[in-house]
Amino acid sequence: MAVALTADVLQDELAVSLARVVAAANARAREAGIDLRQSLITITQQILESGLIWRVNYGPKDYVGRRGGDFIVEVDSTSAQVKRVLRGQ
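About the cut-offs
- Residues numbered from 1 in each chain as written.
- Predicted model: local features only at pLDDT ≥ 70, side-chain atom pairs only at ≥ 80, totals over all residues.
- Heavy atoms only, no water.
- pLDDT = per-residue confidence, 0-100.
- Helix = DSSP H or I, 4+ residues; strand = E, 2+ residues; numbered from the N terminus.
- Expected span 1.5 Å × (residues − 1).
- Buried < 20%, exposed > 50% of the residue type's maximum accessible area, 1.4 Å probe, protein only.
- Contact = heavy atoms within 4.5 Å.
- Polar contact = N/O pair within 3.5 Å; in protein donor to acceptor, adjacent residues only side chain to side chain.
- Phe/Tyr/Trp six-rings, centres within 6.5 Å; stacked < 30°, edge-to-face > 60°.

1. Concerning the confidence of the model for the chain
- In this model, the chain carries a mean pLDDT of 89, and residues with pLDDT of at least 70 account for 91%.
- Within the chain, the element-level pLDDT minimum falls on helix α1 (residues 7-10), averaging 84, and the maximum on strand β3 (residues 71-76), averaging 96.

This is the structure:
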């Protein structure tokens with residue numbers, strides 16, 4: 001789904017950075033066979049000594065009564081490079 005972004009969105013450094021991070025995480029999740037449309041996606045920030053990392057979590061939408069099974073991708077905020085991939089048990 002292509003959407004034209006307005007100038008104010010493109011000038012928002014955080015919005016552009018998050019878009020790059022989510023795109024990188026989504027690509028890694030697809031490679032691992034994760035169905036993005038069936039995932040509840042949450043994003044959290046982690047501030048490390050090496051800088052800011054975004055943790056993108058893909059969990060099942062129907063999570064009630066379920067444990068584990070999440071797919072987590074940690075992405076560097078400046079380079080949009082995947083730093084670590086975790087899979088819940």
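2. Concerning helix α2 (residues 13-31)
- Spanning 19 residues, α2 covers 27 Å between terminal C-alpha atoms, matching the ideal 27 Å at 1.5 Å per step.
- If you check which residues of α2 are buried, you get S17, V21, A24, A25, N26 and A29.
- Contact partners of the buried residues in α2: β2 (51-60), β3 and β4 (82-87).
- Where α2 begins, the side chain of D12 points an oxygen toward the backbone nitrogen of L14, at a separation of 3.1 Å.
- One or two positions beyond α2, positive phi appears at G33, with a value near 85°.

3. A word on the packing of aromatic side chains
- Summed over the entire model, instances satisfying the criterion amount to one aromatic pair.
- Plain terms: the ring middles of Y58 and F71 are 6.4 Å apart, the flat faces sit at 50° to each other, and that makes the pair tilted. Taken together, the residues span a long stretch of sequence, with Y58 in strand β2 and F71 in strand β3 at a distance of 13 residues. An identical accessibility class is assigned to Y58 and F71; each is buried.

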